[in-house]
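# Reading the structure
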Amino acid sequence: MSEKIINSAAQGNTSTLIELRDLHTYFQTRRGLVKAVNGVSYSIESGKTLGVVGESGSGKSVSAMSILKLLDSNGYIADGEIYLRGEDISKLNHRQMRKIRGNAISVIFQEPMTSLNPVFTVERQLREPFMIHQNMSKRQANREVVRILSDVKIPNPERVAKQYPFQLSGGMRQRVMIAMALACKPDILIADEPTTALDVTIQAQMLKLMNELKAEKGTSILFITHDLGVVNQMADDVVVMYCGEVVEMAESAMIFQGDRYSHPYTDGLMHSIPRLDTPAGVRLEAIPGAVPHPLDLPVGCNFAPRCKHRTEKCEQEHPALMEVAPGHKVRCFYADKSGRKQG
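Residues numbered from 1 in each chain as written. Predicted model: local features only at pLDDT ≥ 70, side-chain atom pairs only at ≥ 80, totals over all residues. Heavy atoms only, no water.

### Here's the deal with the sheet that holds strand β3 (residues 49-53)
Each strand in a sheet pairs with its neighbour through backbone hydrogen bonds, running either in the same direction (parallel) or in the opposite one (antiparallel). This is how the line gets drawn: One bridge is not enough; two strands pair if DSSP finds at least two bridges between them. In this text, helices come from DSSP runs of H or I with a minimum length of four residues, and strands from runs of E with a minimum of two, each type numbered from the N-terminal end. Between N-to-C directions, angles cover 0 to 180 degrees, with each direction set by a line fitted to C-alpha atoms, over the stretch in contact for helices. Residue contacts follow a heavy-atom distance rule, with two residues in contact if any of their heavy atoms lie within 4.5 Å.
The strand order across the open sheet formed by eight strands is β6-β7-β8-β3-β9-β10-β12-β11, and the pairing between neighbours is mixed. Strands with a single pairing partner mark the edges of an open sheet, and in this sheet they are β6 (105-108) and β11 (322-325). Direction aside, the axes of adjacent strands within the sheet are offset by 20° on average. This element, helix α2 (residues 60-67), spans β3, β6, β7 (188-192), β8 (220-225) and β9 (237-242) of the sheet and lies at about 145° to β8. In the packing of helix α12 (residues 264-271) onto the sheet, the strands contacted are β9 and β10 (245-251), and the crossing angle to β9 comes to about 105°.

Structure follows, in structure tokens:
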């Protein structure tokens, strides 16, 4: 089945590359069942970037790692489907998933120093995808390593290939991770907060590099972050998650232009980021409180305890994700801002 998926992906016979349908991912803990992802649905079109945003604990990384079944031993997909080019990969076994990981779908992890093995050279780690997925010899793979390092703008790629990760800067290590992820020319790249550990200058370089590679190779990107400023630079579409659920989804332009975002949580995130046009002396707004523990969620809307617009209905009933405009969905009883109670 996985061979069929990979071949179908190469043919490019549909614009929807990957789709999550009502995904539920749970973790069994000593304290109880944690519903980290609870009914999440979203899709990514070929050649597009989808930004998934939210605070820590919102379920954005777990939803993405569920695609490749890269979950902790106590985690599992309880329900839902994950389609890659129209084929459900959520039921594949470990052996079948190995043919997809790194081949059709690759990942850039958050911290490159913990993702790269410090006792192996860059060359040894980068040649593995070529040897495993493309059946290259060691000599052929070593040549491809130099080529892919050059593609991600690493100077002196021949020398860097012989070095160990601890000999490289944070930005260089992240470039190595991007090179590793792109080695087999995947259809989709999952970038799990790849710029969190980088300074602003290196972060800008990484974002520019990813956009260039996307344009050159046509790779779709699932970009996971808590930083709306980064999403504004990268994403074609945006999914906002909170407590394991999608609370808003729309095109990026609708979120960042014309004040058309709707959910109070999205509103809070937007007003908490610094802007060049913010008057001097004006403090940024903060969302009060914290994300509730997944074993102690509110009875009604998950965001109600932190929402300044909440009503009694919000505290007693759980809202559904409703389409309020073409391509724009919101999980709120008061998606129309004019009808909200003012806190």
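### Topic: the environment of Ser252
Spelled out, the test is: Under this definition, polar contacts are N or O atom pairs within 3.5 Å; protein pairs additionally need one hydrogen-donor-capable and one acceptor-capable atom, and for neighbouring residues in sequence, both atoms have to be side-chain atoms.
Here Ser252 shows up in helix α11 (residues 252-256). Taking the C-alpha atoms as reference points, Ser252 and Asp22, 230 residues apart in sequence, are found 22 Å from one another. Ignoring any residue separated from it by four or fewer positions in sequence, one finds Ser252 in contact with Val231, Ala235, Asp236, Asp237 and Val238. Of the polar contacts made by the side chain of Ser252, one reaches the backbone oxygen of Ala235; its length is 3.3 Å.

### A short note on unusual backbone geometry
In the Ramachandran plot, Asn135 falls in the positive-phi region, its phi being about 55° despite a non-glycine side chain. On the secondary structure map, Asn135 appears in the loop between α5 (122-133) and α6 (138-151).

### Overview of the sheet that holds strand β5 (residues 87-88)
In space, the four strands of this open sheet follow the order β2-β1-β4-β5, with antiparallel pairing throughout. Each of the sheet's edge strands pairs with one partner strand only, and the pair in question is β2 (32-45) and β5. In the sheet, strand β4 (residues 75-84) pairs with β5 via two bridges, with the strands oriented antiparallel. Following the sheet pairing, Leu84 is matched in β5 by Glu87. Against the sheet, α2 contacts β1 (16-29), β2 and β4, and its axis sits at roughly 110° relative to β1.

### Overview of the pairing of β4
Summarising the sheet, β1 and β4 pair through eight bridges and their orientation is antiparallel. Following the sheet pairing, His24 is matched in β4 by Asp79. Counting the residues in the hairpin turn of β4 and β5 gives two residues, including Arg85, whose phi is positive at 55°.

### Some words on the nonpolar core
Going by this rule: The nonpolar core is taken to be a set of buried Ala, Val, Leu, Ile, Met, Phe, Trp, Tyr and Cys residues, with the residues joined through side-chain atoms within 4.5 Å. Per-residue accessibility, obtained with a 1.4 Å probe over protein chains only, is compared with the maximum for each type, and a residue is labelled buried under 20%, exposed over 50%, and partly exposed between these values.
Leu126, Leu149, Val176, Ile178, Met210 and Phe223 are the most contacted members of the largest nonpolar core, which totals 35 residues. Sorting the residues of this core by element identifies α5, α6, α7 (157-161), α8 (170-182), β7, α9 (200-217), β8 and α10 (228-234) as the ones contributing at least two each. With seven residues, the single largest contributor to this core is α8. Apart from the residues within four sequence positions on either side, Phe223 is in contact with Thr49, Leu50, Gly51, Val52, Ala191, Pro194, Leu207, Met210, Val230 and Met234. Residues Leu84, Ile190, Ile224 and Met241 belong to the second largest nonpolar core, which totals 31 residues.

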